[in-house]
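Below are the chains, spelled out letter by letter.
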Amino acid sequence: MLAVTGACVAIFGLLGWRVDVNLFSLHGFYRNRLTRCYLGATRVGDDDPRRPHPFTGFDPKDDLPLSSLADQRPFPIVNAAMNLTGGEDLAWQTRRCAAFAFTPAFTGFEFWNSEGRRIGAYRPTAQYAANQFAFLNAPGGILLGNVIATSGAAANPNMGYHTSAALSALMSVFNVRLGRWSGNPLHPTAWRKASPRFGGLPLIKEVFGLLDSRASFLNISDGGHFENLGIYELVRRRCRVVVAVDAGCDPDYQFEDLANAIRKCWTDFGTRIDIDLAPLRPQGDGKHNPSHFAVGCIRYRNAPEPGILLYLKASLTGDETTDVKQYADGHPRFPHQSTSDQFFDENQFESYRELGRHVGLSVFSPLFAPQTPSAAESLTPAQIREALQARLPDHPLLQAKRASG
């Protein structure tokens, strides 16, 4: 028994030392496929043609550092969840995670514990988690593919308020992890590293639920494990106009993701969000909604005027194009089919894409009248932002809210 135990410990120690916990997991597979599907597919032209590997089809140059997007507008904020299943802070026994943000400028987190103490730090993204593998190495810190894969890591041993102790142990043992172990911005040196030096310790922490904010490496997973709409980080930055697109699977229109965001914004920032969702509730046949969107007020503390929340919901109003109506007639759960379906065929993909285009034009085209919908599609982000700030406050729904106080 002692000999077998010693051999198992030795093998575990050797593999934990030599096998990278991020590279040899489903996270690496997920990152490679997302990078190839979206970043690789957009590399066109003869200036720098793709040179894919003959067996895998991957080209390391498909990816790029997140920090290279620093001058891009709109400015991307990629949301993730920092899992916190360990510790004795009673305030975190329900959430079991905190918000973690990747931006081209800075990466990190910030929250207040139950004792009123600020915890967190931000580090320059250009130096964050510089990849240590030569064949993936790129100047400028963490790669965009890694960030997107982490933000969409829905299946993970620890999943915020969805975490189950038994499921966590089972998924850890079988190395089912789409999330990533990232350096803690609070740590003086670990934040510059791509992965833990000894991969066995993170596995032990996953199995026994020992994740906290003081460790040198943090377990980061899908941002939806904390807040699924991205409203939280925009309210933290006190944005004047927030446009939230809810494409989650919500066939009963319970608006769980929106309610979760409203609750967290009030608890953490003291910011009230008032919104009437009646226009988005199905009527009549139960399949069609009066509107694709609702307008609400974001009441920041010590702000002279409330902010504006424009909330778009995946919905049908009956004025969609013929192809979308035909697909909806043949698939009763559209547009709220389960997100467990990861293999959309062409008809399904195009129906969702066309519905999204229809919703966007129906919501925003009136702001740019007398321009036609086709002309509105060519507007720049700056023009759209200017129109939102200038004309959205005059929306009838928002005026009614102001009149009622």
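Nothing here was measured: the structure is a model prediction, and the numbers come from that model. (Residues numbered from 1 in each chain as written. Predicted model: local features only at pLDDT ≥ 70, side-chain atom pairs only at ≥ 80, totals over all residues. Heavy atoms only, no water.)

1. Points about the sheet that holds strand β3 (residues 106-112)
No. 1: One open sheet holds the 6 strands; their spatial order is β4-β3-β2-β1-β6-β5, and the pairing between them is antiparallel. Single-partner strands in this sheet number two, and they are β4 (118-124) and β5 (180-183). The average angle at which neighbouring strand axes cross in this sheet is 35°, direction not considered. (Pairing = 2+ DSSP bridges. Helix = DSSP H or I, 4+ residues; strand = E, 2+ residues; numbered from the N terminus. Axes fitted to C-alpha atoms, helices over the stretch in contact; angles between N-to-C directions.)

2. Considering the environment of Arg180
No. 1: Relative to the helices and strands, Arg180 resides in strand β5.
No. 2: In this structure, the C-alpha to C-alpha distance between Arg180 and Ser195, residues 15 residues apart in sequence, is 8.6 Å.
No. 3: Not counting chain neighbours up to four residues away, the residues in contact with Arg180 comprise Asn22, His27, Ile142, Asn146, Thr150, Ala194, Leu218, Asn219 and Ile220. (Contact = heavy atoms within 4.5 Å.)

3. Digging into the pattern of salt bridges
No. 1: If you walk through the whole model with that rule in mind, you get 16 salt bridges.
No. 2: Residue Arg240 pairs with Glu305 through a salt bridge whose shortest N-O separation is 3.5 Å. In this pair, Arg240 sits in the loop between α6 (231-236) and β7 (241-246) while Glu305 sits in the loop between β9 (293-299) and β10 (307-313), placing the two residues 65 residues apart along the sequence.
No. 3: Where Glu350 meets Arg353, a salt bridge forms, and the shortest distance between an N and an O atom there is 2.9 Å. Taken together, the residues Glu350 and Arg353, both in helix α9 (residues 346-364) and 3 residues apart, mark about one turn of the helix.
No. 4: Shared partners join several salt bridges into a network, and the residues in it are Glu110, Arg118, Glu233, Arg236 and Arg237. (Salt bridge = Lys/Arg side-chain N within 4 Å of Asp/Glu carboxyl O.)

4. Some thoughts on the side chain of Gln337
No. 1: By the element assignment, Gln337 lies in the loop between α8 (322-330) and α9.
No. 2: For Gln337, a relative accessible area of 16% gives the class buried.
No. 3: A distance of 3.5 Å separates the side chain of Gln337 from the side chain of Tyr327, its partner in a polar contact.
No. 4: Gln337 has contacts with Cys249, Tyr327, His331, Gln348 and Tyr352, leaving out every residue within four places of it along the chain. (Buried < 20%, exposed > 50% of the residue type's maximum accessible area, 1.4 Å probe, protein only. Polar contact = N/O pair within 3.5 Å; in protein donor to acceptor, adjacent residues only side chain to side chain.)

5. Concerning the nonpolar core
No. 1: Residues Ile231, Leu258, Leu309 and Tyr311 are the most contacted members of the largest nonpolar core, which totals 24 residues.
No. 2: The set of elements that each furnish at least two residues to this core consists of β2 (97-102), α6, β7, α7 (256-269), β8 (272-275), β9 and β10.
No. 3: Once residues lying within four places of it in the same chain are set aside, the contact partners of Ile231 are Ala244, Leu258, Ala261, Cys265, Ile273 and Leu309.
No. 4: The next biggest cluster of nonpolar side chains, apart from the first, holds 21 residues, and it includes Leu69, Met82, Leu218 and Ile220. (Core = buried A, V, L, I, M, F, W, Y, C linked by side-chain atoms within 4.5 Å.)

6. Let's talk about the confidence of the model for the protein chain
Low pLDDT marks regions whose predicted coordinates should not be analysed in detail.
No. 1: Of the residues in the protein chain, 86% reach a pLDDT of 70 or more, and the chain-wide mean stands at 85.
No. 2: The lowest-confidence element of the protein chain is helix α12 (residues 396-403), averaging 54 in pLDDT; the highest-confidence one is α6, averaging 96.
No. 3: This stretch, residues 132-137, has a pLDDT under 50; its non-local contacts, to residues over four places away or in other chains, come to 11 contacts. (pLDDT = per-residue confidence, 0-100.)

7. Some points on the packing of aromatic side chains
No. 1: Evaluated as defined, the whole model comprises 12 aromatic pairs.
No. 2: Arranged with centres 4.7 Å apart and planes meeting at 40°, the rings of Tyr232 and Phe269 form a pair that is tilted. You can see Tyr232 sitting in helix α6 and its partner Phe269 sitting in helix α7, a full 37 residues away along the chain.
No. 3: Since its relative accessible area comes to 5%, Tyr232 is described here as buried.
No. 4: Of the residues examined, Phe269 reaches a relative accessible area of 22% and is grouped as partly exposed. (Phe/Tyr/Trp six-rings, centres within 6.5 Å; stacked < 30°, edge-to-face > 60°.)

8. With respect to unusual backbone geometry
Both trends apply: most residues other than glycine have a negative phi, and most peptide bonds are in trans.
No. 1: Following Arg73, the chain continues to Pro74 via a peptide bond in cis, the omega torsion being 5°.
No. 2: Looking at where Pro74 falls in the secondary structure, it is placed in the loop between α2 (26-40) and β1 (78-83).
No. 3: In this model, Phe334 is joined to Pro335 through a cis peptide bond whose omega is 5°.
No. 4: Examined against the element boundaries, Pro335 turns out to sit in the loop between α8 and α9.
No. 5: A positive phi angle, close to 55°, is found at Phe255, a residue other than glycine.
No. 6: Within the fold, Phe255 resides in the loop between β7 and α7.

9. Things to note about α2
No. 1: Here α2 contains 15 residues, and its C-alpha end-to-end distance of 20 Å stays within 8% of the 21 Å for a straight helix at 1.5 Å per residue.
No. 2: Among all positions in α2, only His27, Gly28, Arg31, Leu34, Thr35, Leu39 and Gly40 are buried. End-on view of α2: buried residues confined to an arc of 160°, all on one side of the axis.
No. 3: In this structure, the buried residues of α2 make contact with α3 (144-151) and β5. (Expected span 1.5 Å × (residues − 1). Arc of directions from axis to C-beta.)

10. Describing the side chain of Glu354
No. 1: Looking at where Glu354 falls in the secondary structure, it is placed in helix α9.
No. 2: Polar contacts involving the side chain of Glu354 include one to the side chain of Arg353, which spans 3.4 Å.
No. 3: Non-local contacts of Glu354, meaning those with residues more than four positions away in its chain, are made with Thr321, Asp323 and Val324.

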